[in-house]
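Fold and contact review
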Amino acid sequence: MTKFLLLFLFLWPSPVAASDPPMMYADDSRGRPFSKDPHVIRFGNRYLMYYSIPPFNDNRPNDGWAIGIAESRDLTAWRKVGEILPRDEYEAKGLCAPGAIVRGGRVHLFYQTYGNGPKDAICHAVSDDGIEFTRDATNPIFRPTGAWTSGRAIDAEVFLDGPTAFLYFATRDPAGKIQKLGVATASSKSDFSRSAWKQAADDSILFPQREWERDCIEAASVLKRGREFVMFYAGAYNNAPQQIGVAVSRDGIRWRRLSDQPFLANGAPGEWNASESGHPHIFRDVGGRTWLFFQGNNTKGKTWHLSKVEVGWRQGRPFVKKGGEKR
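One structure accompanies this document, and this report is about it.

The rules behind each value
- Residues numbered from 1 in each chain as written.
- Predicted model: local features only at pLDDT ≥ 70, side-chain atom pairs only at ≥ 80, totals over all residues.
- Heavy atoms only, no water.
- Patch = residues over 30% accessible without salt bridge, like charges linked within 9 Å, V, L, I, M, F, W, Y side chains within 5 Å.
- Areas by Shrake-Rupley, 256 points an atom, 1.4 Å probe, with all protein chains shown as cover.
- Salt bridge = Lys/Arg side-chain N within 4 Å of Asp/Glu carboxyl O.
- Lys, Arg positive; Asp, Glu negative; His and termini not counted.
- Charge placed at Lys NZ, Arg CZ, Asp CG, Glu CD.
- Helix = DSSP H or I, 4+ residues; strand = E, 2+ residues; numbered from the N terminus.
- Phe/Tyr/Trp six-rings, centres within 6.5 Å; stacked < 30°, edge-to-face > 60°.
- Buried < 20%, exposed > 50% of the residue type's maximum accessible area, 1.4 Å probe, protein only.
- Contact = heavy atoms within 4.5 Å.
- Polar contact = N/O pair within 3.5 Å; in protein donor to acceptor, adjacent residues only side chain to side chain.
- Pairing = 2+ DSSP bridges.

**Quick notes on a positive patch on the surface**
On the surface, Lys93, Lys119, Arg143 and Arg194 cluster together into a positively charged patch. Within the fold, arginine 194 resides in the loop between strand S11 (179–187) and strand S12 (198–199).

What follows is the structure, encoded as structure tokens:
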């Protein structure tokens, strides 16, 4: 068995190339380098990154998609410090795509169930240390309703703006083909349980319309600059290739694209992200610097790594700083 595993890892195609960026992280606890859906917070004197990890392959208990947790002091070198495994019946098939906020010295984690098709929904958990979480007794806390949606909700992103908490999510059309974005709201002082959330739009707030977006828009990540909301989102399904776009809004509900082209494209053939640059998370650090975390691979999804680029701002509009982490 050991010889087979060593041969497996030796033959597995590497997703890295000579020109890789300084940050390149992948969790190999499932037998191959594989991390998706990054979300970063600053909590105390360290950074925590939550991300999706795939199932094991040997039918062990609690086998399903899960959430990994890594810590860093500099946003570049990461060390795994924990996992959140499927536990309760509603998430027994898996959980993934985490999004986190810090409020009142506690981490609120929002994540999706996995493997239930149109019944997948958004869940909530709370932690005092960012590692061990207590599930919300009302889970799942949100799924959309209406003729515009299949009822599925994935890729949770919660953004606090004054008295309002915005919950952005991806859903599909009733036929289950087109992925698109929706939004719900709650009081930013609420407990974020099921009764706190109200669907804020009875239609998609952003759906695929550009050629590069194909049949999918998902993974919204939002910050605010002045009075304007800025959303980074993923266009197209995984490895189609998925690429990253940007939209803006004045109220957090009605959005318009900044460009017909991707903000961050997939890499050229041979580069580590040739298959895609996807599932963004925009992170504003203390001091105001902003970093775009994202997933990528060049193996058509056999492996996945997480990386980042620094985002600069010119007349209120984002751009990727040349040199990555150099100012």
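**Overview of the packing of aromatic side chains**
Here the structure, examined in full by the defined rule, presents 20 aromatic pairs. Centre to centre, the rings of phenylalanine 192 and tryptophan 197 are 5.8 Å apart; their planes meet at 20 degrees, and the pair counts as stacked. Under the relative-accessibility criterion, phenylalanine 192 is labelled buried at 0%. Tryptophan 197 sits in the buried class, given a relative accessible area of 8%.

**Some remarks on the environment of arginine 46**
Looking at the secondary structure, you find arginine 46 in strand S2 (residues 46–53). Of the residues examined, arginine 46 reaches a relative accessible area of 18% and is grouped as buried. Between the C-alpha atoms of arginine 46 and leucine 75, which are 29 residues apart in sequence, the distance is 9.0 Å. Leave out the neighbours within four places in its chain, and arginine 46 touches Ile41, Glu71, Ser72, Arg73, Asp129 and Ile131. Among the polar contacts listed, one links the side chain of arginine 46 to the side chain of glutamate 71, at a separation of 2.4 Å.

**Focus: the sheet that holds strand S7 (residues 122–127)**
One open sheet accounts for four strands, arranged S5-S6-S7-S8; its pairing is antiparallel. In this open sheet, the two strands that pair with only one neighbour each are strand S5 (95–103) and strand S8 (134–135). Inspection of the sheet shows S7 paired to S8 by two bridges, in the antiparallel sense. Considered in S8, the bridge of alanine 125 is made with arginine 135.

Keep in mind that these numbers describe shape and distance, not what the molecule does.
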